[in-house]
Structure formats: C-alpha cells, structure tokens
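Each chain is listed here by its residues.
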Amino acid sequence: MAASHPRQELFRFVVNGLVATAVHYAVLSFNLHVLGFGSAGLANLCAAVIGITSSFLGSRFYVFACSARQPWLPQLLKFSGLYGAIALLHGLVLWIWTDRLGLDYRAGFLLATGLQVSLSYLGNKFLVFKPS
C-alpha cells in the first residue's frame, strides 16, 4: 500500500487519538459504574491499557496502514516503549512546571500534552511504523 499524503496521515492520527481517548474514557466509566471498581486509579489503569491497545491497532491499520504487513510484535514493543517514555516525560514536565516552578498545572498540562502529541506522531511515524 502506498504511503498516504502527510495531511491525510496527520488527520488520521488525530482521528485515531480521539477514538482511543473515547475508548479509554468509556472503559474507565464502565469500570467505575458497571463493574464497580473501588479505585478510580485502578479503573483508569485498566482503561488505559485498552485505550493504548486501541491506539496501537488504529495506528497500525489506519494511520500508518502501509506498515500493517510488517511483523506486529516488534511494532508493539517499540510502541509500548515509546508511550512509556512519553508518559514519563509528560509527568516530568508537569512536575517541573508545577511542583518546582510553582506555575499553574493547567498550562503545564497543556504544554506537556502538546509535547506528548508531537512526540507520539513523530515517534510512530519514524520509529514504530516506519515503512520497510
């Protein structure tokens, strides 16, 4: 399959992110309100795994579909490592911004999330789902 146009790929990345976020939130709500999880943190952790899985599948088969014929396990391992590193970076940015510099956490969250989205797209494009 031929590579998609950069704007189309970016649009698909945004759509995939919105879908994965909706899946994450739906599973979180389901865990809390239907399954009766006593801990929102644990409910969210479980939901995050499902949301991240949704993001991986959407990235592999929708955003970067030209890579769908490559072996999935190396992609999954790179994807997991990338998202783990980005999550740590997100937390570090927020910690420095809010806890060390005393700035508003909402602005720090937006800054960290912008960095997260940018690194996620670039990491997926050039590391995880790069054409062979």
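Keep in mind that this is a model prediction, so the values were computed, not measured.

K.L.:
Looking at this structure, I do not really get the packing of aromatic side chains. What am I missing?
P.N.:
Ring pairs (aromatic) are described by centroid distance and by the angle formed between their planes. Applying the stated criterion across every chain yields a total of seven aromatic pairs. A ring pair is formed by phenylalanine 56 and phenylalanine 79, whose centres lie 5.2 Å apart and whose planes are at 70°; its orientation type is edge-to-face. Of this pair, phenylalanine 56 sits in helix H2 (residues 40-63) while phenylalanine 79 is found in helix H3 (residues 72-100), placing the two residues 23 residues apart along the sequence. Judged by its relative accessible area of 6%, phenylalanine 56 falls in the buried class. Put simply, the rings of Phe13, Phe56, Phe64, Phe79, Tyr83, Tyr121 and Phe129 pair up and form one aromatic cluster.

K.L.:
Sorry, what's going on with the nonpolar core here?
P.N.:
Where a protein is soluble and globular, its nonpolar side chains tend to be buried together. Counting residues in hydrophobic clusters, the biggest one holds 11 residues: Phe13, Phe56, Val63, Phe64, Phe79, Leu82, Tyr83, Ile86, Tyr121, Val128 and Phe129. Secondary-structure elements contributing two or more residues to this core are H2, H3 and helix H4 (105-128). When neighbours within four sequence positions are excluded, phenylalanine 56 is seen to be in contact with Trp72, Gln75, Leu76, Phe79 and Phe129.

K.L.:
Got a minute to help me understand the pattern of salt bridges in this structure?
P.N.:
Close approach of charged atoms lets side chains of opposite charge pair. The full count for this structure, using the stated rule, is two salt bridges. Lysine 125 is the salt-bridge partner of glutamate 9, the closest N and O atoms lying 2.7 Å from each other. Taken together, the positions of glutamate 9 in helix H1 (residues 6-33) and lysine 125 in helix H4 put the pair 116 residues apart, joining distant regions of the chain. On the basis of relative accessibility, which here comes to 6%, the residue glutamate 9 falls in the buried class. Among the salt bridges present, the one from arginine 106 reaches aspartate 104, with a minimum N-O distance of 2.7 Å. A relative accessible area of 52% means that arginine 106 is categorised as exposed.

Rules behind the numbers
- Residues numbered from 1 in each chain as written.
- Predicted model: local features only at pLDDT ≥ 70, side-chain atom pairs only at ≥ 80, totals over all residues.
- Heavy atoms only, no water.
- Phe/Tyr/Trp six-rings, centres within 6.5 Å; stacked < 30°, edge-to-face > 60°.
- Helix = DSSP H or I, 4+ residues; strand = E, 2+ residues; numbered from the N terminus.
- Buried < 20%, exposed > 50% of the residue type's maximum accessible area, 1.4 Å probe, protein only.
- Core = buried A, V, L, I, M, F, W, Y, C linked by side-chain atoms within 4.5 Å.
- Contact = heavy atoms within 4.5 Å.
- Salt bridge = Lys/Arg side-chain N within 4 Å of Asp/Glu carboxyl O.

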